[in-house]
Amino acid sequence: GKEDISSPRRTKEIIQRYKFSFKKSLGQNFLIDQNVLDQIVDAAELNEGTGVLEIGPGIGSLTERLARVAGAVTAVEIDRRLVPILRDVLSPYPNVKVRIDDVLKVNLQELFTEDFASVDKVSVVANLPYYVTTPILMKLLEEKLPLDNIVVMIQKEVAERMAASPGGKEYGSLSIAVQYYSDPELVCIVPRTAFIPEPNVDSAVIRLKVRERPPVEVADEKHFFEVVHACFTQRRKTIANNLKARYFPEEGRERLEALLAEAEIEPSRRGETLSLEEYARLSTVLLAAGI
Ligand code: SAM
């Protein structure tokens, strides 16, 4: 039999045979580290009854690993030049379907209905293109797809921000958005040498266990996230100053201070110290006051 697609030797051989040239603008860094691939696949807890949506299969390194354990794999790839390669290298795996498309433009609800009708649960597993990590993850989470978990390789700093707790400098609106929809867990840190070509940044694998329902009660999600963003407008400022600038630019501080007292939040605190529960309370109080 052939070596795995992801072995350094076979990867180099495929790239040469098809005269493939990497596009940096598409975030093309292919995985060649067998240990990292094992950790990604293990973290997703796949079996015959699982469907997997892979974003950006590249030359199929991770796709092959997924196809061996999952029931059905759909891989969405933007780069048409990879079609002949994927067709050849993935031919031993009838449970893989490749769709050529920009994942940000795909109707995912439709894709799920078409491709995952026969599986019990679905995971997203990917070595993501770093230039669009956050838009892709926010799309997956906000569309409230019937997902069990998301296991992705992303830039290390972004993974740390997603998993951050209140109080630290990594904690921000991204942490809050991700933690509202999921329970994040850092799986492992990945060195640059795990890829061909090597990226300019360090990477990490993160696992987002998708929540069945949010951990806090929020009346209006759009309003909740607006309040969060307002409190982080200027990180160094207090929430009172940020909220005043956003919602009460013409007023004195009395009404804002009364509302913060009602939400039981000190006006002198900074956005990075508030928990999800406190943001939910703040949004509820402001909304009830017509703000
Ligand atoms: N999965 C392969 C691996 O691990 O070796 C390749 C990962 S590489 C970091 C990212 C892949 O995403 C590339 O194949 C790239 O062409 C693809 N890609 C980039 N932007 C995309 C988009 N908007 N939609 C779908 N795929 C995209």
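Thresholds, definitions, all that
Residues numbered from 1 in each chain as written. Predicted model: local features only at pLDDT ≥ 70, side-chain atom pairs only at ≥ 80, totals over all residues. Core = buried A, V, L, I, M, F, W, Y, C linked by C-beta atoms within 7 Å. Buried ≥ 20, exposed ≤ 12 C-beta atoms within 10 Å, placed from the backbone. Contact = placed C-beta atoms within 7 Å. Pairing = 2+ DSSP bridges. Helix = DSSP H or I, 4+ residues; strand = E, 2+ residues; numbered from the N terminus. Axes fitted to C-alpha atoms, helices over the stretch in contact; angles between N-to-C directions. UniProt positions renumbered as here; feature names shortened; annotations may be inferred. Near = placed C-beta within 6 Å. Nonpolar A, V, L, I, M, F, W, Y, C, P; charged D, E, K, R; others polar.

Novice: Hey, could you run me through the nonpolar core in this one?
Specialist: Buried together is how nonpolar side chains tend to be arranged in soluble globular proteins. In this structure, Ile40, Val125 and Ile206 are the most contacted members of the largest nonpolar core, which totals 78 residues. If we ignore the near neighbours within four places in the chain, the residues touching Ile40 are Leu62, Val125, Val151, Met153 and Val205.

Novice: Could you clarify how one ought to interpret the sheet that holds strand 2 (residues 50-55) in this entry?
Specialist: Hydrogen bonds along the backbone pair up the strands of a sheet, which may run parallel or antiparallel. The strand order 4-3-2-5-6-9-7 describes an open sheet built from seven strands, whose pairing is mixed. The open sheet is flanked by strand 4 (96-100) and strand 7 (182-190), the only strands paired with a single partner. The mean angle between the axes of side-by-side strands here comes to 20 degrees, regardless of whether they run parallel or antiparallel. Together, strand 2, strand 3 (72-77), strand 4 and strand 5 (121-127) form the strand contacts of helix 5 (residues 108-115), whose direction differs from that of strand 3 by roughly 145 degrees.

Novice: Honestly, the UniProt feature "binding site: S-adenosyl-L-methionine" (unreviewed entry) in the protein in this entry has me stumped. Any pointers?
Specialist: Summarizing the sequence annotation, UniProt attributes the feature "binding site: S-adenosyl-L-methionine" (unreviewed entry) to Asn29, Leu31, Gly56, Glu77, Asp102 and Asn127 in the numbering used throughout. One can find Leu31 in strand 1 (residues 30-31). Exposure remark for Leu31: the 23 C-beta atoms within 10 Å place this residue in the buried category. Beyond its immediate chain neighbours, meaning those up to four positions away, Leu31 contacts Ser6, Val36, Leu37, Ser61, Leu62, Asn127, Ala194 and Phe195. Its place among the elements puts Asp102 in the loop between strand 4 and helix 5. Under the C-beta neighbour-count criterion, Asp102 is labelled exposed, with 10 such atoms within 10 Å.

Novice: What should I look at first to understand the site of the ligand in this one?
Specialist: Of all residues adjacent to the ligand, which total 22 residues, the nearest are Phe30, Gly56, Gly58, Asn127 and Pro129. A breakdown of the residues in the shell around the ligand according to their chemical character gives twelve nonpolar, seven polar and three charged.

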